[in-house]
Number of protein chains: 2
Amino acid sequence: MARENGEKTTAAAGGESKSSGETVESREWYMAAYSPQGIPTSDHLKLRNVSITLNSLPAGHVLAQTLWLSVDPFLRSMMSGTVDGLYLPQVDLGQVVKTFGIAKVVKSGDENYREGDVFLNPFQPVAEYAVLPANPALLRKIDVTGQISPLDYLSCLGVAGFAAWLGIVLLGDPKPGTNVFISAAGGGVGMVAGQLAKLRGCAVIGSTGSDQKVQLIKDEFGYDDAFNYNKEADFDVALTKYFPNGIDLYLDNVGGTMLEAVLNHVNSHAKVILCGMMSQYNKGWKEREGVRNLLNIVGKEVTMKGFMELSYMNHFGDFSKEMECHIVQGKIRTKHKIYHGIESFLESLESVFLSINDGKVVLQLV
Amino acid sequence: MARENGEKTTAAAGGESKSSGETVESREWYMAAYSPQGIPTSDHLKLRNVSITLNSLPAGHVLAQTLWLSVDPFLRSMMSGTVDGLYLPQVDLGQVVKTFGIAKVVKSGDENYREGDVFLNPFQPVAEYAVLPANPALLRKIDVTGQISPLDYLSCLGVAGFAAWLGIVLLGDPKPGTNVFISAAGGGVGMVAGQLAKLRGCAVIGSTGSDQKVQLIKDEFGYDDAFNYNKEADFDVALTKYFPNGIDLYLDNVGGTMLEAVLNHVNSHAKVILCGMMSQYNKGWKEREGVRNLLNIVGKEVTMKGFMELSYMNHFGDFSKEMECHIVQGKIRTKHKIYHGIESFLESLESVFLSINDGKVVLQLV
C-alpha cells in the first residue's frame, strides 16, 4: 500500500482536537488522476494530510470521526473520468472520495446531534475526520449497542444489501421452487441475495472466484450449490451441469461472458436483473465483452432490467424493516472482510476486483 | 428464380379438381436442406409438384386454395437446423414450409366451412393447394368483400401488425411526447409501429435501408423523421443528431450494432422492446455482433424485453378490434410489396433480408 503525504489543506471546524492545539489532523483519499482502464492505483488515488481548524465549526454542522466505510465495486465507475455505463458523477480531481459509511460525532454545531452520536452517511468522505452539514435526511443516527452490529449496517442493511433486496425481492420476485442463479455470489450483494432467494423457497446456485468461497457460500449463505468460475473453462458446460432445468432468475453482478452464457440457459419468461458488471468496470465500453446472443431475449421472452438504488429510495424503509427482522431472527448471516486503517482504502478497493475477499468489504478506521 | 420439379407426392382429398380427373395438381415449397448461415437459397428450399387425390377428402377437413401468404423474417429462424435465438421449431427436412396465409375453401368435408369461404390460417402451407383440418380455432373466416382488404389481414392485422401493436401499445406503452425510435421502419412491423406510436402522440423516428424508403415512411407512415442506415457511417453520430434529447422507447427489429448504438442514447428508465433481429438471423449465435455496452442498462435503468406473439394470443381480440377500427377510420395506412406466384416464394423470402421492399412482403398466388 502506497501511503503518501499530499499537500496539507485546512477545513474550518471547532472544539476539541484529536491532536494538540486548535486543529484535528486527518488523512483523506483524493482523486489525483482519472483511471480510464484497469484497477485504479496510487497514481490515481492519493492520501493526503488535512488539518481541520476547530475554532469555527459552522452552525448546523458536525465534526465527525469516520468509523467504518463500505467499499463497493460501483465506486470504480466514479473514477474513470468518463461518464459511461453506470452514469455516475465522477469524483472531481483533487476532491476527496466519498462512500457509504458510519461516523461518530466528535463536536456538534447542531441541536439534533450530540457528541458521541453515531450515524450512517451515504456520502461519507474517505477521511479520518470530516466536517459535515447536519442533515437528518442524510445522517441517520443508529444505536450501535443494539442487536444489530454496525458492520451489518454497511452490508446487509447498506448499499450491498439494498441492491440484493431490490434485485431479488422487489424486481426478481421469484416464486418458490424457481431456479435462481447469482454471480459474484461470495461478495456483499451475492451473500445477501442468495439468502433472500432461499427465504423465498427458490433453488439457488452461485458462481464465485475460489473453491474456498464456493464452500463458504454453501456453508454460510445457504446456497444449494456453487461453482468456481476460475475453474470452469466453459461456462456453458458449467451451466448445463448446474441448471439441467434452466434458469428462471439471474441476478447479474459481473456481466460479460457469464451473462452471455446465462442467456443460453434461461427458461421462457426468465428475468435477468442487472445489478452491476464487475468484470467490465475496468474497461472502456468499446473494450467490454460483447454479448452475442441477445436474440435469446426474444425467443425466450426474457425481461432484462437494470437498476440504480437511488431510484428506489422510497422502498428503503420497507427494505430496512424486513432486513432488520431477518437479522434479529438469525435468518440472514453476514461475513465481512475488514481492511484496517485509512491507509488501506486503495488496497481494499483493488481487492474488490481480484475476487479475493469473503463477504462484504469494509474499511475500519478506528 | 429457380423453379424446380421435385419428387411428386400425393395427398388424400376429394371433390373437384383444378386439373382434370380426380387429382389437383399443386406445387409446394419444402425444406430440402438446412441453411445454418446466410440467406437460404434454392439449395435449401425447393419447389415440388404434388398431386392431391380428390375422392377421399377426410371428414372434418377442407381442401383449400392458397390466395396470399405472409413472408416474414422470423421464418428464416425455422430453416437453420439449429434451435437457437427465437427457439422456433425447425421445418422438418422434406416437409412443406408453413406461414400465416389466406386461403379459400375449394371443397369441404366439414359443416363449418363451405366452398368459397375465405379464411386466415396462421400455419398455411406454402403450397397452391392444401388439405387442412377444419379447426375453427385456427381457420378464421373473413369477409373479403368488406371494408378491410385481404392484404391488410396479412399486414396490419396479421403477424407484423400484431408484433407492432404488442411492441408499441401493450409493452412499450409510451406516454405522449416521448421519443420513440423504430428500426426496420419501412418493413411490415415498422410501418404499423410508427403509426401506432404517432397515434399515441409520440415523436417517432425510424431507420430504414434506402432514401426512397426514408421518404416513404415520412410521407405514408407518419414518421416525424427517418434516416437511411446504409448512408450512416456511424450510428452514434446519427442518433446524436436525431435524438438530441435521447430515446425513451426503442422497438428493435434488427439487433446488432444498431441496438448497441441505441443503448448509448437511451434516457433513464427507457424501454427497449426486442421484436426481432433481422440483421442477425443469417448467422450462428457465435458469429452475431456482440453488444458491448449492456452496462448502460444498469446506469440508465433500462427495461429490455423480448416477446413472441404466441404468448400473447389472449390479446389478439383486443388488438384486432383496435386495429380494424383504425383501418376503417383511415388512421393506419399500409403498403404491400407483392410477389406473384408460388414460384416466387424463395425470392420474396430472400428480399426480406435485402431491405429492398416497401412495406409488408406478401406472396400472391392467384
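Analysis parameters
Residues numbered from 1 in each chain as written. Chains lettered and ligands numbered in written order. Predicted model: local features only at pLDDT ≥ 70, side-chain atom pairs only at ≥ 80, totals over all residues. Heavy atoms only, no water. pLDDT = per-residue confidence, 0-100. Contact = heavy atoms within 4.5 Å. Salt bridge = Lys/Arg side-chain N within 4 Å of Asp/Glu carboxyl O. Helix = DSSP H or I, 4+ residues; strand = E, 2+ residues; numbered from the N terminus. Buried < 20%, exposed > 50% of the residue type's maximum accessible area, 1.4 Å probe, protein only. Buried area = accessible area lost by both parts, 1.4 Å probe. Polar contact = N/O pair within 3.5 Å; in protein donor to acceptor, adjacent residues only side chain to side chain. Nonpolar A, V, L, I, M, F, W, Y, C, P; charged D, E, K, R; others polar. Pairing = 2+ DSSP bridges.

Peer 1: For this particular structure, what's the right way to read the confidence of the model for chain A?
Peer 2: Scored by pLDDT, chain A has a mean of 93; 94% of the residues are at 70 or more. Overall, residues 1-20 of chain A carries pLDDT values under 50, and its contacts beyond four positions in sequence, including any with other chains, amount to 68 contacts.

Peer 1: Any chance you could explain the pattern of salt bridges here in plain terms?
Peer 2: Where charged atoms from two side chains of opposite charge approach closely, those side chains can pair. Under the counting rule described, the total for this entry stands at 26 salt bridges over all chains. Between R200 of chain B and D173 of chain B there is a salt bridge; the shortest N-O distance is 2.5 Å. Of this pair, R200 of chain B sits in the loop between α3 (188-199) and β10 (203-208) while D173 of chain B sits in the loop between α2 (159-172) and β9 (179-182), and the two are 27 residues apart along the sequence. The partly exposed category is assigned to R200 of chain B, whose relative accessible area is 27%. A residue is classified by how much of its surface remains accessible, and D173 of chain B, at 44% relative accessible area, is partly exposed. Through salt bridges with shared partners, a single ionic network connects R27, E128 and E343 of chain A.

Peer 1: Explain the interface of chain B and chain A to me, please; I cannot follow it from the model alone.
Peer 2: Between chain B and chain A, the contact holds 39 residues from the first and 39 residues from the second. Summed over both partners, the interface of chain B with chain A comes to about 3300 Å²; 62% of that surface belongs to carbon and sulfur atoms. Among the residues chain B hides against chain A, the three largest losses belong to W285, R292 and L295 of chain B. Together they make up 22% of the total. Summed over the shared surface of chain B and chain A, the result is zero salt bridges. On inspection of chain B and its partner chain A, the count reaches 18 residue pairs in polar contact (both at pLDDT 80 or more). Those elements that place two or more of their residues in the side of chain B that touches chain A are α6 (256-263), β13 (266-274), α7 (295-299) and β14 (303-306) of chain B. If one sorts the elements of the side of chain B that touches chain A by residue count, α7 of chain B sits on top with five residues. Looking at the side of chain B that touches chain A, its residues break down into 19 nonpolar, eleven polar and nine charged. Bridge analysis of strand β14 (residues 303-306) of chain A against β14 of chain B gives three bridges, and the strand direction is antiparallel. Across the sheet, residue T303 of chain A finds its bridge partner in β14 of chain B, namely K305 of chain B.

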